[in-house]
Amino acid sequence: VQNKIFADFEVLYRNLNKRAKSLPPLPAKKGSGDSKKQRLESTRSGLEKWMNNILSRQDTAGDLEVCGFINTSPTVTTHAFTHPAPAAPEPTPPPAQPNGMQLNMQ
């Protein structure tokens, strides 16, 4: 999400809070750290975590306002809910050695 200010996130939060249940709170506007750069990074990181949480929720990921906020379509943000990842294949056992020999792999 580029070119957004904290107030943009506050508006999104207020609007989503009317439609969704138990949203996580926004991070503090003034992040932690000794320097301005550290405080800014702390806030940016907190907003990124907040947005990732919003996008991982089935009740908010496809929200049109959320999609507009990140400039994408609901199809993209809800793909994980409608197309779950395939299960990982079972590991293949190692091939048997001729004459009952065993390999020591230490």
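Everything that follows concerns the structure shown earlier in this document.
Residues numbered from 1 in each chain as written. Predicted model: local features only at pLDDT ≥ 70, side-chain atom pairs only at ≥ 80, totals over all residues. Heavy atoms only, no water.

When helices and strands are counted, the protein chain shows five helices and zero strands. Counted from the first residue to the last, the protein chain has its helices and strands arranged as α-α-α-α-α. Burial statistics for the protein chain: of 106 residues in total, 22% are counted as buried. Across the protein chain, contacts joining residues at least 24 apart in sequence account for 46% of those joining residues at least 6 apart. Carbon and sulfur atoms make up 55% of the accessible area of the protein chain, which amounts to about 8,400 Å² in all. (Helix = DSSP H or I, 4+ residues; strand = E, 2+ residues; numbered from the N terminus. Buried < 20%, exposed > 50% of the residue type's maximum accessible area, 1.4 Å probe, protein only. Contact = heavy atoms within 4.5 Å. Areas by Shrake-Rupley, 256 points an atom, 1.4 Å probe, with all protein chains shown as cover.)

Looking now at the nonpolar core. The biggest cluster of nonpolar side chains holds 13 residues, and the ones touching the most others in it are Phe9, Leu12, Leu16, Leu26, Trp50, Met51 and Ile54. If you list the elements that add at least two residues to this core, you get helix 1 (6-19), helix 2 (36-56) and helix 3 (64-69). Sequence-distant contacts of Ile54, defined by excluding residues within four places in its chain, comprise Leu16, Leu23, Pro24, Thr60, Ala61 and Val66. (Core = buried A, V, L, I, M, F, W, Y, C linked by side-chain atoms within 4.5 Å.)

With the rule as written, the count across this model stands at three aromatic pairs. Taking the centre distance of 6.4 Å and the plane angle of 75° together, the rings of Phe9 and Trp50 count as edge-to-face. Residue Phe9 is found in helix 1, and its partner Trp50 is found in helix 2; the two are separated by 41 residues along the sequence. A relative accessible area of 7% means that Phe9 is categorised as buried. Between the aromatic rings of Phe9 and Phe69, the centroid separation amounts to 4.9 Å while the plane-to-plane angle is 75°, which identifies the pairing as edge-to-face. In this pair, Phe9 is assigned in helix 1 and Phe69 in helix 3, connecting sequence segments 60 residues apart. Phe69 matches Phe9 in its accessibility class, with the two residues each being buried. (Phe/Tyr/Trp six-rings, centres within 6.5 Å; stacked < 30°, edge-to-face > 60°.)

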